[in-house]
Amino acid sequence: MTELYNALYERWRQAFDEFSRLDEYKAAGRTIRYADNFRFRLADYDPAGFPAGGPLTTERDAHSTMEHQYHLDDAGLPVFVSIASSNKYVSNRWQGFYRYTPDMVEYIEFNLDTKYPSSIERVIRQHGKKTSYQRFSLNSRGTFNIPHDQLDYKALFTEIENYHYQAHRIISADGFAAGGGLAPWLYNLAYDYLDTGELDTIRIIYTNGQTRLTYVRADAAQSLEQLSDQLARQLASLIIDTLIANQTQQPIALLALYYRTGRLWIPSLATISQADKKEILDHHKGKDVFQHLFISSGDEIDLDNSPIERLWVQFFGLVNNAEDAMPGVYMLRKTARLLTHGGLDGKLAVDDEFIAYALDGEFEINDLEQILPECGLSEATLQKWREKKWFDN
């Protein structure tokens, strides 16, 4: 893996000299298609066809926040892409090109402001099979103009996977990853198939023995809504078990399920006991109540989702493929509603005004008043809290 890493790093350094070739690849395009997200991921490439992996349109979307403009050649293969944000706070733009050879397809992306190669991605093929996937990218997609010989492991992200076959299908892979300020780590991937030959799961196995599923086959017989209902019930039960195992102080007045949309769906748990609630109300009024009741103190319980891992990965795989985070948000609010209405299934004592709620503390804190009813808070209790000005934050 060290040799592969060094070769990939050297290829990235060479790419600094290829910024001037962007116009050359752009000119090779014959048709233009638009998307509001990244398409044509190299991991999906096959000489028989290169699936876009999502919708493409012939017209620009005036409401797109991150426009991806793809230039396709006569065979329908992407040869050039231009990426621009309509967000007034994000001024950066990127362009990239695709290069095809009989044994490799390569994608190189540049930040137009710094002229840095923000990403280089390669798929190596031998004897008609994908044998290696390699990706090297910069933190913040090359936004910061740091001399490239001064870039260290905190700014560089690497992913390398070498695949092993049995007959015509991948059965395992050796992986290497580095970046994010962490020391490089190794891992393995295990592929499991149904008797029909269809890929069922992919599991990552770390050198310390820990494992997790990264892919679960979608079940055509179940809709996203059906999976959401199942997962909400199982997650609610798991949360109750976790609170019991952590000997949570009772009666419980508030239970927060904190998550980060699209980044960290597994919620962490924070509780306010009946006694804590009384103390807060005895010493604070109005907007100060909001701060102490609903703003996370950082003292949270991590949730281990391994007992429901298969359903979890299956559901969020569909959510990610749909490029719409809201089904994930609704599932978590549904979970909170089950916990609220069920009073934690009577397994823990709760306050008369007990509420469990799911909240993205980064983006939704100002929407809490509207979110609580979705999580099961009665209109009478909501109105009572409004009159006490608890939401005047």
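See the structure above.
The structure displayed is predicted, hence computed values, not measured ones. Numbering of residues starts from 1 in each chain and follows the order in which that chain's sequence is written. The predicted origin of the model limits local features to residues at a pLDDT of at least 70 and limits the giving and counting of side-chain atom pairs to 80 or more, whereas totals for whole chains, interfaces and linings rest on all residues. Side-chain figures throughout are based on the complete set of non-hydrogen atoms in the structure, without hydrogens or water.

What am I meant to see in unusual backbone geometry here?
Trans is the prevailing form of peptide bonds, just as negative phi is the prevailing case for residues other than glycine. Geometrically, the link from Q250 to P251 is a cis peptide bond, its omega value of -10° lying close to zero. The numbering of helices and of strands both runs from the N terminus, where a helix is a DSSP run of H or I of at least 4 residues and a strand a run of E of at least 2. Structurally, the position occupied by P251 is in the loop between α3 (224-245) and β13 (252-260). Phi is positive for F40, which is not a glycine, with a value near 55°. The topology assignment puts F40 in the loop between β1 (31-35) and β2 (66-72).

Got a minute to help me understand the sheet that holds strand β15 (residues 350-360) in this structure?
The pairing of strands in a sheet happens through backbone hydrogen bonds and is either parallel or antiparallel. Two strands qualify as a pair provided DSSP detects at least 2 bridges between them. Taken together, 3 strands build an open sheet; the order of strands is β14-β13-β15 and the sheet is mixed. The open sheet has two edge strands, β14 (264-273) and β15, and neither has a second partner. Within this sheet the neighbouring strands show an average axis-to-axis angle of 15°, counted without direction. Here β13 runs beside β14; their pairing, made up of 7 bridges, is antiparallel. The residue bridging A256 from the neighbouring strand is A270, located in β14. Contacts from helix α4 (residues 274-283) reach β13, β14 and β15, with the element oriented near 70° to β14. In this analysis, axes come from line fits to C-alpha atoms, helices being fitted only over the stretch in contact, and the angle between any two N-to-C directions falls in the range 0 to 180 degrees. In what follows, residue pairs with any heavy atoms lying within 4.5 Å of each other are defined as contacts.

Explanation requested: the nonpolar core in the structure shown.
The tendency in soluble globular proteins is for nonpolar side chains to be buried as a group. In plain words, nonpolar cores are sets of buried Ala, Val, Leu, Ile, Met, Phe, Trp, Tyr and Cys residues tied together by side-chain atoms within 4.5 Å. Here's how the labels work: a residue is buried when its accessible area is under 20% of the maximum for its type, exposed when over 50%, partly exposed in between, all with a 1.4 Å probe on protein chains only. Residues L255 and Y357 are the most contacted members of the largest nonpolar core, which totals 57 residues. It is α3 that provides the largest number of residues to this core, a total of 9 residues. Y357 has contacts with L254, L255, A256, L257, Y258, L293, F294, A336, L368, L372 and C375, leaving out every residue within four places of it along the chain. Among the nonpolar cores identified, the runner-up in size contains 26 residues, and F40, L42, Y98 and A173 belong to it.

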